[in-house]
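Observations on the model geometry
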Amino acid sequence: MVVFAVSIVTKTGKALVSRQFVEITRSRIEGLLAAFPKLIGTGSKEHTFIETENVRYLYQPLEELYMVLLTNKASNILEDLETLQVLTKVVPEYCRSANEKSISEKSFDLIFAFDEAIALGYKEKVNISHIKTFTKMESEEEKFAEMVERNKERETNEIAKRRYRELEKERREREKLGKPPMTGIGNFGRNAQPFIHNSPDFRKETQAPEKSSSFSSPKTQERKTPTGLQLKREVQKPNSLFEKLKAEGEVVDESPKQLRGQDTKKISTAPQQDIEIQVTEKLLLKADRDGTLHRMEVRGELVLAIAKEEYRQLFVQLEKADKTIQIKANPAIEKMRFVKEGLIVLNPKKPLPLNTPTPLLKWRIAPKDDELVPLTINCWPSTSKDGVTIVNIEYELGKSREFELSDVVIKIPVVGKEQPVVNSIDGGSYEYDSKNSVLEWRLPLVDSSNASGAMEFEITLWNKANSDASFLFPINVSFSSLKTFYADGISSCSTTEGGPQVKYGINRQLIVESFSIEDSGSSF
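As the structure is a prediction and not an experimental result, all values here were calculated from the model.

What follows deals with the overall build of the protein. The secondary structure content of the protein amounts to eleven helices and 23 strands. By the burial criterion, 35% of the 524 residues in the protein qualify as buried. Taking as baseline every contact in the protein between residues at least 6 positions apart, the subset at least 24 positions apart corresponds to 67%. As displayed, the protein has an accessible area near 32600 Å², and 50% of this comes from carbon and sulfur atoms.

Here it is, written out as structure tokens:
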């Protein structure tokens with residue numbers, strides 16, 4: 001059996017994806033495929049293959065397209081049909097629908113899958129599950145490196161947000177005391193003024209480097225100009241190259257080279273933790289428009305990765321080990337010790353692989369009341385007789401006030417004659433997505449300092465009789481947090497029980513998988 005090419009074509013013979021397995025020109029393949037629609041009309045409808053003098057076409061309809069296999073006439077037609085069936089099953093695995101747009105977007109993925117099924121024109125003994133495994137090619141070392149990198153990025157973001165909150169708190173305190181806002185280089189307040197120092201000593205210090213600079217005054221250049229024959233060289237200003245690149249549309253970083261080099265050196269030489277702990281929780285929540293909770297579920301996982309042999313024996317004590325939560329433990333840890341003491345003890349008889357993130361704990365929290373809800377959304381619409389609906393959307397941080405929510409986005413579907421008009425907003429910003437008819441309220445940070453807020457907007461309806469405001473639902477909410485419901489902290493980590501602490505890196509993240517406010521109760 002020799003397969004010349006595998007192609008996905010339209011009904012007019014246009015090739016969307018084509019993979020050749022033997023030495024054959026592109027023009028030859030395009031010519032054979034261009035003749036395919038004409039041959040279908042002359043062939044029998046009872047069969048899915050057509051033969052010409054030198055080539056056999058095997059094809060399978062894919063909605064509006066065709067999967068076509070080009071082989072020689074001497075090949076085994078039974079094996080060809082089996083290969084065609086396998087390749088036909090590949091398309092739904094990578095494309096949502098068999099149309100021209102989806103095929104073009106996933107063309108390279110399909111080509112890689114074709115290569116796993118056919119090698120040098122001959123069929124490989126694989127099925128669809130084998131092809132998916134071969135093309136996935138996951139690397140455990142890459143996962144570990146990505147986890148470490150994400151940990152560093154989140155730590156940096158946490159430090160920046162903490163500094164931002166400190167500055168905001170200081171600014172509010174000064175406003176309460178009636179003091180003027182701080183000025184200077186280090187001030188990030190709203191009313192900051194440029195820093196100007198008028199003392200003579202400061203002017204001398206700032207003017208002194210100018211005299212020693214290579215860009216001196218014209219008189220100084222005239223005195224230093226040597227006599228004799230010299231080639232004229234145009235003195236290029238430091239930023240002239242940046243300006244030229246900007247004019248060509250390039251993005252240029254104009255920060256000083258020395259500073260960039262120092263920062264890069266610091267980042268590259270930063271010690272990498274040999275013990276990395278990742279705590280991830282996913283939140284699923286559904287509530288009514290008045291804030292009534294219908295269902296809440298938190299699914300969590302604790303993943304550990306070690307880089308050295310000496311850490312195969314490890315004792316990790318969790319700060320909050322709630323015994324009422326249903327937890328599944330990996331056989332690699334001593335389950336009884338964890339249940340009684342909240343202590344993770346790695347079993348030396350079942351050592352963990354090095355540099356491989358390994359899940360140790362999985363848990364599920366399903367509270368029946370709203371005590372643990374991190375954020376509450378209420379919607380208050382009112383429609384007048386002239387078809388104008390005024391909507392008040394308000395948010396409120398959970399009752400515990402423990403969570404600090406980042407990148408909060410509240411998406412409200414709006415369908416009206418015109419773009420909605422926002423009358424008032426408490427913090428954040430808003431954006432109207434005209435393509436999807438969604439009004440987005442974005443809040444960079446929600447914590448105890450801005451635990452509640454509201455936004456009011458109005459919209460004119462197409463149908464004045466539609467006064468139930470059901471078009472405003474479902475409202476979808478997304479956010480993230482560095483605080484988790486369970487395993488929020490680690491009190492100790494050592495290689496021996498009760499021994500000295502060892503360095504470790506921990507990354508906690510709470511993300512929203514589904515958070516919707518419905519007009520009426522419905523399940524996930």
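Before going further, it helps to spend a moment on helix 6 (residues 140–177). When the terminal C-alpha atoms of helix 6 are compared, their 56 Å separation across 38 residues agrees well with the 56 Å that a helix rising 1.5 Å per residue should span. The set of residues buried in helix 6 consists of F144, M147, V148, N151, R154, L167, E168 and R171. Those residues of helix 6 hidden inside the fold are in contact with strand 8 (275–288), strand 9 (293–306) and strand 23 (505–518). Following helix 6 by one or two positions, G178 adopts a phi angle in the positive range, close to 80°.

The next point concerns the side chain of D288. Considering the arrangement of structural elements, one finds D288 in strand 8. At 5.1 Å, K286 is the nearest oppositely charged side chain to D288, a buried residue that forms no salt bridge. In terms of polar contacts, D288 uses its side chain to reach the side chain of H294, at 2.8 Å.

With that out of the way, let us pick up the nonpolar core. Counting 68 residues, the largest nonpolar core has L302, F457 and L472 as its most contacted members. Not counting chain neighbours up to four residues away, the residues in contact with L472 comprise C379, P381, V391, I412, P413, V414 and F457. Counting 27 residues, the second-largest nonpolar core is a separate cluster that includes V17, L62, L69 and A113.

Our next topic: the pairing of strand 16 (residues 405–413). For strand 16, a buried count of seven out of nine residues is recorded, marking the element as mostly surrounded by other parts of the structure. In this structure, strand 16 lies alongside strand 21 (residues 475–481), joined through five bridges in antiparallel fashion. The residue bridging L405 from the neighbouring strand is S481, located in strand 21.

Of the residues in the protein, 76% reach a pLDDT of 70 or more, and the chain-wide mean stands at 77. At the low end of the mean pLDDT range in the protein sits helix 10 (residues 257–268), at 37; at the high end sits strand 21, at 93. Confidence drops under a pLDDT of 50 for residues 184–238, and excluding neighbours within four residues, the segment shows 19 contacts in the predicted structure.

Quick look at the sheet that holds strand 22 (residues 490–494) now. The three strands lie next to each other as 12-10-22, forming an open sheet whose pairing is antiparallel. Each edge of the open sheet is held by one strand with a lone partner, namely strand 12 (343–345) and strand 22. When strand polarity is set aside, the average angle formed by the axes of neighbouring strands in this sheet is 10°. Sheet topology note: the strand 10 (residues 315–318)/strand 22 ladder contains four bridges and is antiparallel.

Time to look at the pairing of strand 10. Both faces of strand 10 are covered, namely the face carrying F315 and Q317 and the face carrying V316 and L318. Sheet analysis places strand 10 next to strand 12, joined by three bridges and oriented antiparallel. Of the residues in strand 12, the one forming a bridge with Q317 is L343.

What follows deals with the packing of helix 2 (residues 77–94) against helix 5 (residues 128–136). The angle between the axes and the distance between the axes are what describe a pair of packed helices. Close contact between helix 2 and helix 5 brings their axes to 10 Å; oriented N to C, the two are set at 50°. With respect to helix 5, the axis of helix 2 lies oblique. Judged by the sense of rotation from one axis to the other, the crossing of helix 2 with helix 5 is right-handed. Facing helix 2, whose interface residues are V86, K89, V90, E93 and Y94, helix 5 presents I128, I131, K132 and T135. Across the contact of helix 2 with helix 5, the residue classes break down as five nonpolar, one polar and three charged.

Attention now goes to the pattern of salt bridges. On inspection of all chains with the given rule, the structure shows 23 salt bridges. One salt bridge in this structure joins E297 and R295, with 2.9 Å as the shortest N-O distance. According to the relative accessible area criterion, R295 is partly exposed, its value standing at 36%. Between R442 and E440 there is a salt bridge, with its nearest N and O atoms 2.5 Å apart. Residue R442 is classed as partly exposed on the basis of its relative accessible area, which comes to 33%. In the salt-bridge network here, residues are joined through shared partners; they are E168, R171, R172 and E175.

Attention now moves to the packing of helix 2 against helix 4 (residues 107–117). Running from amino to carboxyl end, helix 2 crosses helix 4 at an angle of 145°, the nearest separation of the two axes being 10 Å. The hand of the helix 2/helix 4 crossing is right-handed. For the pair helix 2 and helix 4, the contacting residues are L87, V90, V91 and Y94 in the first and D109, L110, A113, F114 and A117 in the second. Of the residues assigned to the contact of helix 2 with helix 4, the class counts are eight nonpolar, no polar and one charged.

Another point: the sheet that holds strand 5 (residues 65–72). The strand order across the open sheet built from five strands is 2-1-5-4-3, with neighbouring strands paired in antiparallel fashion. The open sheet has two edge strands with one neighbour each: strand 2 (15–20) and strand 3 (49–51). Each strand of the sheet is rotated relative to its neighbour by a mean of 15°, with strand direction disregarded. As paired elements, strand 4 (residues 55–62) and strand 5 share eight bridges and run antiparallel to each other. By the bridge assignment for strand 5, Q60 is matched with M67.

What counts, and where the lines are drawn
Residues numbered from 1 in each chain as written. Predicted model: local features only at pLDDT ≥ 70, side-chain atom pairs only at ≥ 80, totals over all residues. Heavy atoms only, no water. Helix = DSSP H or I, 4+ residues; strand = E, 2+ residues; numbered from the N terminus. Buried < 20%, exposed > 50% of the residue type's maximum accessible area, 1.4 Å probe, protein only. Contact = heavy atoms within 4.5 Å. Areas by Shrake-Rupley, 256 points an atom, 1.4 Å probe, with all protein chains shown as cover. Expected span 1.5 Å × (residues − 1). Lys, Arg positive; Asp, Glu negative; His and termini not counted. Salt bridge = Lys/Arg side-chain N within 4 Å of Asp/Glu carboxyl O. Polar contact = N/O pair within 3.5 Å; in protein donor to acceptor, adjacent residues only side chain to side chain. Core = buried A, V, L, I, M, F, W, Y, C linked by side-chain atoms within 4.5 Å. Pairing = 2+ DSSP bridges. pLDDT = per-residue confidence, 0-100. Axes fitted to C-alpha atoms, helices over the stretch in contact; angles between N-to-C directions. Parallel < 35°, antiparallel > 145°, perpendicular 65-115°, else oblique. Left-handed = near helix turned anticlockwise from the far one by under 90°. Nonpolar A, V, L, I, M, F, W, Y, C, P; charged D, E, K, R; others polar.

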